[in-house]
Structure formats: structure tokens, C-alpha cells
Amino acid sequence: MRPTQATDHHEAGAPPAFRLVALARSPVRVRSGGPRGSDGSHGSCESDAARSGPSADRPEPDRCGGPDGFAGVRAADRDVRAAVSRVLDQELAERLERSRAVDPVFADDLALRVAHFTQRGGKRVRSQLLWWAMRACGGGDDTSALAALRLGAAVELLQTCALVQDDVMDRSTRRRGRPALHADIGAQYGAAVAPDRAGRFGEAAAVLAGDLALAWADDLVAGTALPAGTGHLVRRLWGDLRTEMVAGQYLDLQGQITGSRSLSRALRSACLKSALYSVERPLALGAALAGADGATTGALCSAGRRIGMAFQLRDDVGDVFSDDEGTGRPAGGDIREGKSTCLTALARARAEAAGDRLALTVLDRALGKHDLSPAGLEEVRDILRRTGALATVEAKAGRLVAQGLRRFDAVPLDPAGAGPLRELLVAAAGGTPAGSAARPEGTPATRPAGRPEATPATRPAGRPEATPATPPAGRFEGTPATRPAARAQGSPANGATAGPHPSTANAPAGRPHASPPGGPTASPATGPATRVTAPAPAPAPAPAPAPQHDTPLSLFASHSEDSRA
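Residues numbered from 1 in each chain as written. Predicted model: local features only at pLDDT ≥ 70, side-chain atom pairs only at ≥ 80, totals over all residues. Heavy atoms only, no water.

### Topic: the overall build of the chain
So, point 1. Looking only at helices and strands, the chain has 20 helices and 4 strands in total.
So, point 2. A burial count over the chain gives 50% of its 565 residues as buried.
So, point 3. Considering only residue pairs separated by 6 or more positions, the chain has 79% of its internal contacts joining residues 24 or more positions apart.
So, point 4. Working note: accessible area of the chain is about 25,400 Å², and carbon and sulfur atoms make up 55% of it. (Helix = DSSP H or I, 4+ residues; strand = E, 2+ residues; numbered from the N terminus. Buried < 20%, exposed > 50% of the residue type's maximum accessible area, 1.4 Å probe, protein only. Contact = heavy atoms within 4.5 Å. Areas by Shrake-Rupley, 256 points an atom, 1.4 Å probe, with all protein chains shown as cover.)

### A word on unusual backbone geometry
Generally, phi is negative for residues other than glycine and the peptide bonds are trans, each holding for most cases.
So, point 1. Unusually for a residue other than glycine, R124 sits at a positive phi of about 55°.
So, point 2. Of the residues examined, R124 reaches a relative accessible area of 5% and is grouped as buried.
So, point 3. Phi angles above zero are rare outside glycine, and R176 is one such case at about 55°.
So, point 4. Looking at where R176 falls in the secondary structure, it is placed in the loop between β1 (174-175) and β2 (178-179).

### Here we look at the environment of L112
So, point 1. Its location among the elements puts L112 in helix α4 (residues 104-120).
So, point 2. Residue contacts for L112: discarding those within four places in its chain leaves L96 and A107.

### Here we look at the pattern of salt bridges
So, point 1. Here the structure, examined in full by the defined rule, presents 26 salt bridges.
So, point 2. Among the ionic pairs, R281 bridges to E244, the shortest N-O distance being 2.4 Å. Residue R281 is found in helix α10 (residues 263-289), and its partner E244 is found in helix α9 (residues 231-258); the two are separated by 37 residues along the sequence. Of the two residues examined, R281 and E244, each falls in the buried class. (Salt bridge = Lys/Arg side-chain N within 4 Å of Asp/Glu carboxyl O.)

### Here's the deal with the nonpolar core
So, point 1. Judged by nonpolar contacts, the single largest core of 119 residues is most densely connected at W131, W238, L289, I335, L413, L421 and L425.
So, point 2. Setting aside anything within four residues of it in sequence, one finds L289 in contact with L130, M134, S144, A147, A148, L151, L226, P227, T230 and V234. (Core = buried A, V, L, I, M, F, W, Y, C linked by side-chain atoms within 4.5 Å.)

### Focus on the environment of A205
So, point 1. By the element assignment, A205 lies in helix α8 (residues 195-222).
So, point 2. Given a relative accessible area of 8%, A205 falls into the buried group.
So, point 3. A sequence separation of 96 residues divides A205 from D109, and the C-alpha atoms of the two residues are 9.0 Å apart.
So, point 4. Aside from chain neighbours lying at most four places away, what touches A205 is L110 and I185.

### Re the packing of aromatic side chains
So, point 1. Inspection of every chain in the model, using the stated rule, returns 1 aromatic pair.
So, point 2. With centroids separated by 5.2 Å and ring planes inclined at 75°, the aromatic side chains of Y189 and F201 adopt a geometry described as edge-to-face. Of this pair, Y189 sits in the loop between α7 (181-188) and α8 while F201 is found in helix α8, placing the two residues 12 residues apart along the sequence.
So, point 3. A residue is classified by how much of its surface remains accessible, and Y189, at 32% relative accessible area, is partly exposed. (Phe/Tyr/Trp six-rings, centres within 6.5 Å; stacked < 30°, edge-to-face > 60°.)

### Some remarks on the confidence of the model for the chain
So, point 1. When the pLDDT values of the chain are averaged, the result is 73; 63% of them are 70 or greater.
So, point 2. Across residues 1-65, confidence stays below pLDDT 50; counting only partners more than four residues off in sequence or on other chains, it has 99 contacts.
So, point 3. Note on residues 557-565: pLDDT under 50 across the span, and 26 contacts to partners over four residues away in sequence or across chains. (pLDDT = per-residue confidence, 0-100.)

### Some remarks on helix α11 (residues 294-321)
So, point 1. The terminal C-alpha atoms of α11 lie 40 Å apart, and with 28 residues this matches the ideal 40 Å at 1.5 Å per residue to within 8%.
So, point 2. Buried residues dominate α11, accounting for 24 of its 28 residues.
So, point 3. N-capping of α11 is provided by D293, with a side-chain oxygen placed 3.1 Å from the backbone N of A295. (Expected span 1.5 Å × (residues − 1). Polar contact = N/O pair within 3.5 Å; in protein donor to acceptor, adjacent residues only side chain to side chain.)

### Thoughts on α9
So, point 1. For α9, with 28 residues, the first-to-last C-alpha span of 40 Å sits near the 40 Å given by 1.5 Å per residue.
So, point 2. Where α9 ends, the next residue or the one after it, G259, has phi of about 70°, a positive value.

This is how it looks when you write it as C-alpha cells:
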């Protein structure tokens, strides 16, 4: 970690006051007064400098430059992971200084471990998705770019919280090829106390470490200067992201204690933990920072949810069939913890439908058996193959990626970010979708089928928004398709959920839409020939209802249908 030159130190011997403190190197100054945007967000760093000029507590302004590790938009484009890591290095160095001022033992035992865990990181897929969504939606000024990197760093800290506490819940002793945090800190004190006490101490300390990472993530978001008009939406998305992460983890735990083997519950947990948390919400945050309209954000979220579900399906397969060296975690962890994943729930449904008592016996005996042997795990693998669950889940993941990419390709996006974002989505889901052909070289990533070559990727002012293509919702192979009922103009194209999607809550009412690619051509005067023209807006129209998105079961068939597949 690079050392910091921060000059804001607490006086020796005095505990720090519980108040917001603006460090000299911090990009945002929290002030008691001064102008803010109408939504409560801070103005840009340039406007702050222009309003007040240099002062004794604020040096000559270059807040959008080096002090935050921000080397500019083009440099971040070249290596997003490195750009996010630079922001993390800067922020974590300052957090460690503050922690050391609170207590040196706390700083060395806990805060330093949180920092090292976060800095080692993984692929930083979530923060990259956030960045490239911002770029694909037209963002690129210094304020939105720095905000994207800081929010990306916050997402990485949130991921630290999730993983550290997940290892405690799953009793996993290794993470990324190293001792898990609770095992590491427990071993530090293991020589002085009984093993069970050391283990319990390590688990309790890891819970606190996760809380600390979450607090630091919230600090990063709260201290980020946001583009004008985006503060309310960004804060709402951030709150939803945190809540959905916890909800998905709780469903995992609740399924284990109740012995639930329901496919619908497994799908719901997968949607919350992966489709939303890992893909859709980062995309929505990036789109919000760029000021994307409701149609663009909704289409990106719809694509992201499908690709996120595909990621979780492939992750379920990898947990059972990958080796320790390839993943950095023991194979079969979900089986030993008794988690009802889509893979095992489908295998059980198939076995029940076929009256396969041997398969049911193997699954019942293995799920939740913490000391499951390699031979026992191999028996489970055989059942997953024999019932066809493995092949079905792998095929389903491929189709979900293909559906997600079709929706993505129908959205007019800025080519500066569209191509890298598409490639990242494919990589995040685990590779090329089944049955998809490579895009011809030189073809813009965002030109829908049938769109003229010369049409620019970015939508000119006043041009109708493109409605994303709506292929049928995905389902497990062999299950009957569900035909959606007719819907009125403005209704969601993707299958409704019970509530609105927060990322598009501010979509303007009554905006015209073009037909999906390959459909009738929209006329500015009359609208599409096959669609009813939207009524004229009232003198004081209420905000349009947010587009609604797919529930997990609109992407998949029901438990009983899958048992017949």
C-alpha cells in the first residue's frame, strides 16, 4: 500500500469525536453551508473551486486529479481495475490512519485485515460494470467519472463485507487461496486460549470486520460529489443494493435451517445475490451517474438481470465440479452447507418425478453433511449428471446470456463504453453464450438488427427512445412457454413484478418509443402503426410508473414444470 501524506491527525491521547471529518486529501469537503444541487448532491469539484477559491484549509484545487488516484477518464478506460484500486489505496490509507488514532490494536488486528482483503480483491467485475455502464450511457466528465470510481470502490468494500461474513456463515476456512479472515485472526490468538474459544473469537471478529467494511463503503458514498440531479436516485440504488445483498444471504441461511429444497426459493436467492447485487445494480448506478433516461436504464437492467442469473447458475455448477486450485475455495461447499441451489433443487425435482429413490437418497444424505468425503461428493456429481440437471442448468445459463445480449444490443449506447461493457457482461457470465455467433468485426456493439449502418450510436435530442427487444422469458428446457397477456402502451415489456424498479423511477411520462428492431418503423407524427398512441399529458402530470422487471420465476419455469423437463 502506498503511504499517505494526510495531515489531519487527532491529538494524542484524545479519542476522536463522532463527527464527519474532512481530510486535506479528501475529494469532497462537507460544509455546513454553501450551495448544493436541488437533490442535495454536492456540486462538482470545479464549481466548488470557482465559488470559493483557495483557502487556508483547502489548497489550490485539483480535486479531480491525483489526490484521489484519478488520472483522468482515458487512463481509467485503459485499466478500470487499476483506477478503482488507486482510489481504494488512497481511501484505505486514510481510513487506516483514522483507525490507528482510535486504537492501534484495533487498527492492526481488524482495520488492516479489512484493507488487505479489499486490496487483494478479485476481478472487480462489479466496479467495472458500474464504470462501463456510466461510459456507455454517455458519462465522461470529471465529476461523473470520479464518482463512478469512488462508487466502484465502495462496491468493492461492500463485497468485502459480504465475503468475510459469508465465510463465517458457511464455515469456510479459505478464501482466494488464503486463510479466511476469521480463521486468520483466530489463529493469531490460538496459542493463548483453547481452540474453541479462539475459533469463536475469530468468527466474532470477522463479523465486526464486515461491519467495518460496510461502514467504510457508506462513508465513501456519502463523501462522493455526484453529478447534479443524481443524488436521490444514486442513494436509493445504493440502499437497495445493500438491502438485497442481506436479503439474499438470509434466504440462503433460512433455506438451510428449514431444509427447503424449493426451486422457486433457490431462484429468488440467486436473483437477489447475483442478478441484482452483482450485475443489475452496478449497471443501474453507472447509468444513474450518466443521467441515462428510463428506457435505457430499464433495458440495461433487464439485460443485466439475465446475465446475472446466468452467472449464478454457472457459479452453482462451479462450486460442485471445480477443484480447489481453480476457485480458491473447497469444492462442494454448497453441498456441505446444505444450500438449496438451482442445480440441486432441479436434480431433486427430476428424481422425484422419475421415482428415482437412489438419487433422492444420495442427495438427502449429502446435503448438509459437513464432513462429506470426496467419494460422497462424487456420488452427488453423478446424480446431477444422471438426472440431466447439470446439462439443463448449463444450457439454461447459455440461453440467458444470449437473451441478455439481445436486449443489450437493442439499446443505443455511446460506443466509448458499449463495446467494453458488452465484453465484460459476456465474461462475467462465464463466456460466450450457447448458440450465439461472434459479431462481425467492425460492427458497432450497439447497433440493433436492421438499423442503418450510418445511424449514430448516440440518440440525438428529440429522437424517440428505442424500446429494447423482448425475447420470450427464459425457461428450463422442456417446459411450456408462458405467453404474456396483452399490455397497454407504457406497460413493462419484460414481465411484471410486484413493485417499481428504483433505477427508473424518474422516467418522464408519455415519451414516444420506437418499435423493437425488425418491427414496424415509428413515425414521429403518428407513432408505430401497430401500437396505440399515448394520451396527451395532463397539465400537471404525475411521474410515470417505473418500468417493471422480471421476477426470478418469469425467467424460469416453476418447480413442478421443471420436474417434467
